[in-house]
Amino acid sequence: MIREAIGVGETEVLALEDAKRQLGIDESEIVEFEVIQRAEKKKFGLFGGAPAKVKITLKAGPAETAEEFLSNVLKNMKLESVSINKKEIENGVEFDLEGENVGFVIGRRGETLDALQYLTSLVANHADNSYFKVTVNTGDYREKREKTLEILGRKLAFKAIKTGRKTSLEPMNPYERRIIHTSVQKVNGAISWSEGENANRHVVIGPDPKYKRYQRNSNSGYNRGRGGRRPYNNNNSVNNEVNPDRKPLNEGSLDGLYGRIDK
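All values reported here derive from a predicted model rather than from experimental measurement. (Residues numbered from 1 in each chain as written. Predicted model: local features only at pLDDT ≥ 70, side-chain atom pairs only at ≥ 80, totals over all residues. Heavy atoms only, no water.)

**Description of the nonpolar core**
Within soluble globular proteins, side chains that are nonpolar generally end up buried alongside one another. Heads up, the rule is: To qualify as a nonpolar core, a set must consist of buried Ala, Val, Leu, Ile, Met, Phe, Trp, Tyr and Cys residues joined through side-chain atoms within 4.5 Å. For every residue, the accessible area obtained with a 1.4 Å probe (protein chains only) is divided by the maximum for its type, and the residue is called buried under 20%, exposed over 50%, and partly exposed between those limits. Here a helix means four or more residues in a row that DSSP labels H or I, a strand means two or more in a row labelled E, and each is numbered from the N terminus. We call two residues in contact when some of their heavy atoms are within 4.5 Å.
By size, the foremost hydrophobic cluster in this structure holds 19 residues, and its most contacted members are Leu74, Phe95, Leu97, Val105, Leu116, Val134 and Val136. For this core, the secondary structure elements donating two or more residues are α2 (62–76), β5 (92–98), α3 (102–106), α4 (111–126) and β6 (133–137). In terms of residues, this core owes the most to one element, α2, which gives four residues. Once residues within four sequence positions are removed from consideration, Leu74 is found in contact with Leu79, Glu80, Val82, Ile84, Leu97, Val105 and Leu116. Core analysis: the next-biggest nonpolar cluster, separate from the first, contains 15 residues, Ile180, Val187, Ala190 and Val203 among them.

Shown next, in the form of structure tokens:
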């Protein structure tokens, strides 16, 4: 996004200062400018003469472009009471939204917040050729959501091991699907993969077909009729402990509706 102003003054210096004031730039800040018209003195102090005109053109960076877009969207949503706190980081920016009506920004399970972050990221990256990371959050909502998804992924992974059945989750964006996949991959005996296209893409959690489960055998060698009990064998027990080094068969695609969203 480009901002520009034309300053007018009796001299080029005064015209430059006028242009800086219009753009809200400190007078001591060094900027590039173009002299459109040089000052001309009046002849004999009575005739002719013209003021100087100086033009300053500023190209806003991705952080400023993103902030302006986000502010305009909130105004159009009639959420002027929601304030934007900006924190610039390396190759990116983080926006934290605060206010009474911030719940409207979050939406159902964070869908509105995700969409707002996605659109803001598109606008910010349109201003520059390099990738610029944009995060839109409110309080610690994203951190809580991440923890909830981690717990859900592990819970359904253990359920898949116990029942031998798969479970399909609701559609999620790539970032949330990645959290589920990462959580499931740490549980021995369960796998996860993604199905569906675009907005309907979702995670499926099921038992790992390569994982050997303990199966009872009628010819196992103990006398069921006499009430005998099979001796406990620790090697045959099901091991569904958390394994941080285990990799999933399919971690799922990062393509989809919110393909460029990052935390």
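Next comes the rest of the account.
**Details of the sheet that holds strand β8 (residues 190–195)**
The following threshold applies: Two strands qualify as a pair provided DSSP detects at least 2 bridges between them. To obtain an axis, a line is fitted to C-alpha atoms, over the contacting stretch when the element is a helix, and the angle between two such axes runs from 0 to 180 degrees between their N-to-C directions.
Taken in spatial order, the three strands line up as β7-β9-β8 in an open sheet, and their pairing is antiparallel. In this open sheet, the two strands that pair with only one neighbour each are β7 (167–171) and β8. Averaged over all neighbouring strand pairs, the angle between strand axes comes to 20°, with direction disregarded. Pairing of β8 with strand β9 (residues 202–207), which is carried by six bridges, proceeds in the antiparallel orientation. Directly across from Ala190, in β9, lies its bridge partner Pro207.

**Considering a nonpolar patch on the surface**
Using the following cut-off: What goes into a patch is any residue over 30% in relative accessible area without a salt bridge, connected to like charges within 9 Å or, for nonpolar side chains (Val, Leu, Ile, Met, Phe, Trp, Tyr), within 5 Å. Each accessible area is a Shrake-Rupley result for a 1.4 Å probe, and residues are judged covered by the shown protein chains and nothing else. The rule for a salt bridge is simple: a side-chain nitrogen of Lys or Arg has to be within 4 Å of a carboxyl oxygen of Asp or Glu.
Residues Ile6, Val8 and Ile36 make up a contiguous nonpolar surface patch of roughly 240 Å² in combined accessible area. Looking at the element boundaries, Ile36 is found in strand β2 (residues 33–37).

**A few points about the pattern of salt bridges**
This model, assessed by the stated rule, comprises twelve salt bridges. Across the pair Lys55 and Glu4 runs a salt bridge whose closest N-O atoms are separated by 3.6 Å. With Lys55 in strand β3 (residues 52–59) and Glu4 in strand β1 (residues 2–9), the pair connects residues that are 51 residues apart, well separated along the chain. With relative accessibility at 23%, the residue Lys55 sits in the partly exposed group. According to the relative accessible area criterion, Glu4 is partly exposed, its value standing at 48%. Residues Arg145 and Glu170 are paired through a salt bridge, measuring 3.9 Å at the closest nitrogen-oxygen approach. Taken as a pair, Arg145 in helix α5 (residues 141–163) and Glu170 in strand β7 lie far apart in primary sequence, 25 residues in all.

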